Structures are given as structure tokens and as C-alpha cells.
Amino acid sequence: MNKRIDLHMHSLFSDGELLPSELARRAHVLGHDTIAITDHIDSSNVGVIPNLIHAIEDINDNWDINVLPGAEITHAPVEAIDKLARKARELGAKIVVVHGETLHEPVIEGTNSVAVNCADVDILAHPGLINKDDVEIAKKNDVALEISGRKGHSLTNGHVAKLGVEVGVNLVIDTDSHSPDDLITFQEAKLIGLGSGLTEREVMKALVESPKRIIKKRR
Ligand SMILES: [Zn+2]
Ligand SMILES: [Zn+2]
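Let me begin by describing the structure that accompanies this report. Every value quoted in this text rests on a predicted model; they were computed, and no experiment measured them.

### Details of the coordination of the zinc ion (ligand 1)
Point 1. Protein coordination at the zinc ion (ligand 1): the donors are Asp15 (OD), Asp15 (OD), His40 (NE2) and His178 (NE2), at 1.9 to 2.6 Å from the metal.
Point 2. Each of the four donor atoms bound to the zinc ion (ligand 1) contributes to angles spanning 53 to 120 degrees, and the resulting shape is irregular.
Point 3. Between consecutive donors of the zinc ion (ligand 1), the numbers of intervening residues give the motif D-x24-H-x137-H.
Point 4. In this structure Asp15 comes out as partly exposed when scored by relative accessible area, which is 43%.

The following block contains the structure:
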């Protein structure tokens with residue numbers, strides 16, 4: 001059976017409801033193999049990453065689930081995104097996500113473009129109505145685009161899937177979980193992919209190959 005990999009989740013280290021342990025426990029029960037805890041950061045709190053790394057040591061040492069430390073650069077000035085991504089890496093973040101230009105929030109224009117040009121970024125989350133040029137740059141720089149399981153952010157999943165497949169960029173299907181009810185099974189993630197217009201094969205690539213590639217690259 002395929003195990004779920006979710007590389008975009010929030011804990012109490014930012015605005016998630018759960019401690020890393022409960023998040024990991026619930027993910028494990030729902031059949032996750034790997035999760036990344038990617039709490040929101042900007043310059044004010046990027047220093048939290050070593051605390052997160054410390055917090056997940058016990059989980060990784062004792063439970064049969066792989067928890068990766070990450071960060072989601074969120075609503076930061078576009079001029080600071082590069083610097084923040086580098087800093088997050090230096091502090092040990094394995095998965096660096098940028099909070100993209102979702103239609104659901106007033107994310108500053110230009111965030112998508114900066115994110116796809118940044119070598120330290122792994123995933124551009126919920127990129128809204130991203131344009132084709134940025135999708136091509138994402139492909140060239142090996143930045144994955146997210147199909148989102150989250151209400152509001154998911155409004156443009158069809159657009160992202162269509163352009164993503166056309167250009168051949170890596171797609172991932174992540175939940176952006178903040179609460180216990182946000183976590184989903186592999187089967188539910190598959191339905192989100194199919195609902196976005198991806199074929200069965202494209203969905204499997206987004207659920208298995210693409211996230212594994214990111215994890216391997218940053219190991
Ligand atoms: Zn949040
Ligand atoms: Zn998020």
C-alpha cells in the first residue's frame with residue numbers, strides 16, 4: 001500500500017493547533033510515511049527552526065514516521081524571501097516552502113516570481129493564478145508547485161494542475177494542515193489530484209515520485 005507524504009503542515013510553533021508529537025501521531029495513524037512541519041516564518045521568528053528540530057528528535061528516534069523540519073516563508077517582503085530561505089537552510093530546515101499568491105489572502109504580488117527563482121526553495125505553495133513564465137522558471141529551478149487540500153487555497157488547483165502538466169513542472173499534493181481534521185489519507189489526496197484534472201498517473205507522480213525527489217535532494 002502506498003504511504004502518504006505531506007510536506008506542508010503547521011504545528012504550535014506557528015498557528016497550527018497541535019504539538020509536533022500529536023501532529024506526527026495523527027499522521028502516522030492515517031498512514032503517513034513522512035511529514036514536514038513547515039511553520040510560518042518571516043524575519044521575526046526564523047530562529048525557531050532549531051527548536052523545532054530539537055522538538056522532533058524524540059519522534060524520529062522512537063516512532064515509525066519520518067518528520068522533517070521545515071519552514072514556510074509567509075507574507076514576507078519579496079525582497080527578503082531569498083535571504084530568509086537561505087537562513088532557514090542554514091538553521092537546518094530540510095523543506096523550504098514559500099506561501100504563494102493564493103486568491104484567498106492578500107499575498108504581495110511578486111511572491112510567486114521570487115520563489116520560483118530561489119534555489120533554496122522546494123515548494124511554492126498554493127500559487128493561485130500563477131503565470132506560465134513562472135511555471136517554466138519553476139521547472140528550470142526544480143521548484144515544485146502545490147495542489148492544495150486547503151479550503152480557499154484549493155480554488156485554483158485546476159489552473160495549477162493544467163499549467164503544471166503542460167510545462168512539466170513537479171507537482172505535489174499537500175494539505176497545509178493546521179488542525180486535526182485537515183489531515184487526509186492517501187486515498188483522499190488522490191481524489192484531490194483527480195479533482196484538479198490530473199490523470200491517475202500524474203496523481204501518483206505528485207503523491208509519490210515528486211515528494212520523494214525533494215526529500216532525497218535535501219537529505
Ligand atoms: Zn497558517
Ligand atoms: Zn501553510
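Back to the text.
### Remarks on the packing of helix H1 (residues 20-29) against helix H2 (residues 49-62)
Point 1. Look at H1 against H2: their axes get within 9 Å of each other, and the N-to-C directions meet at 45 degrees. Of the possible angle classes, the one that applies to H1 and H2 is oblique. Crossing hand, H1 versus H2: right-handed. Contacts between H1 and H2 involve Pro20, Ser21 and Ala24 from the first element and Leu52, Ala55, Ile56 and Ile59 from the second.

### So, the coordination of the zinc ion (ligand 2)
Point 1. The protein atoms donating to the zinc ion (ligand 2) are His8 (NE2), His10 (NE2), Glu72 (OE) and Asp176 (OD), with metal-donor distances spanning 2.0 to 2.3 Å.
Point 2. Around the zinc ion (ligand 2) sit four donor atoms; with metal-centred angles ranging over 85 to 170 degrees, the donor geometry is irregular.
Point 3. Donor residues for the zinc ion (ligand 2) sit on one chain with the sequence pattern H-x1-H-x61-E-x103-D.
Point 4. Taken as a pair, the zinc ion (ligand 2) and the zinc ion (ligand 1) lie 5.0 Å from each other. Residue His8 is found in strand E1 (residues 4-9), and its partner Glu72 is found in strand E4 (residues 66-73); the two are separated by 64 residues along the sequence.
Point 5. Overall, the relative accessible area of 0% leaves Glu72 in the buried class.

### Side note on the pattern of salt bridges
Point 1. Under the counting rule described, the total for this entry stands at ten salt bridges.
Point 2. Its salt-bridge partner being Lys217, residue Asp142 comes within 3.2 Å of it at the nearest N-O pair. On the criterion of sequence distance, the pair formed by Asp142 in the loop between helix H5 (132-140) and strand E7 (144-148) and Lys217 in helix H8 (residues 200-217) is long-range, its members being 75 residues apart.
Point 3. Overall, the relative accessible area of 40% leaves Lys217 in the partly exposed class.
Point 4. Connected through shared salt-bridge partners, Arg89, Asp120, Asp122 and Arg218 make up one network.

So, how was this worked out
- Residues numbered from 1 in each chain as written.
- Chains lettered and ligands numbered in written order.
- Predicted model: local features only at pLDDT ≥ 70, side-chain atom pairs only at ≥ 80, totals over all residues.
- Heavy atoms only, no water.
- Donors = N, O, S within 2.8 Å, 3.2 Å for Na, K, Ca; no water.
- Tetrahedral: all angles 85-135°; square planar, octahedral: opposite > 155°, others 65-115°.
- Buried < 20%, exposed > 50% of the residue type's maximum accessible area, 1.4 Å probe, protein only.
- Axes fitted to C-alpha atoms, helices over the stretch in contact; angles between N-to-C directions.
- Helix = DSSP H or I, 4+ residues; strand = E, 2+ residues; numbered from the N terminus.
- Parallel < 35°, antiparallel > 145°, perpendicular 65-115°, else oblique.
- Left-handed = near helix turned anticlockwise from the far one by under 90°.
- Contact = heavy atoms within 4.5 Å.
- Salt bridge = Lys/Arg side-chain N within 4 Å of Asp/Glu carboxyl O.

All quantities given are derived from atomic positions and should not be read as evidence of function.
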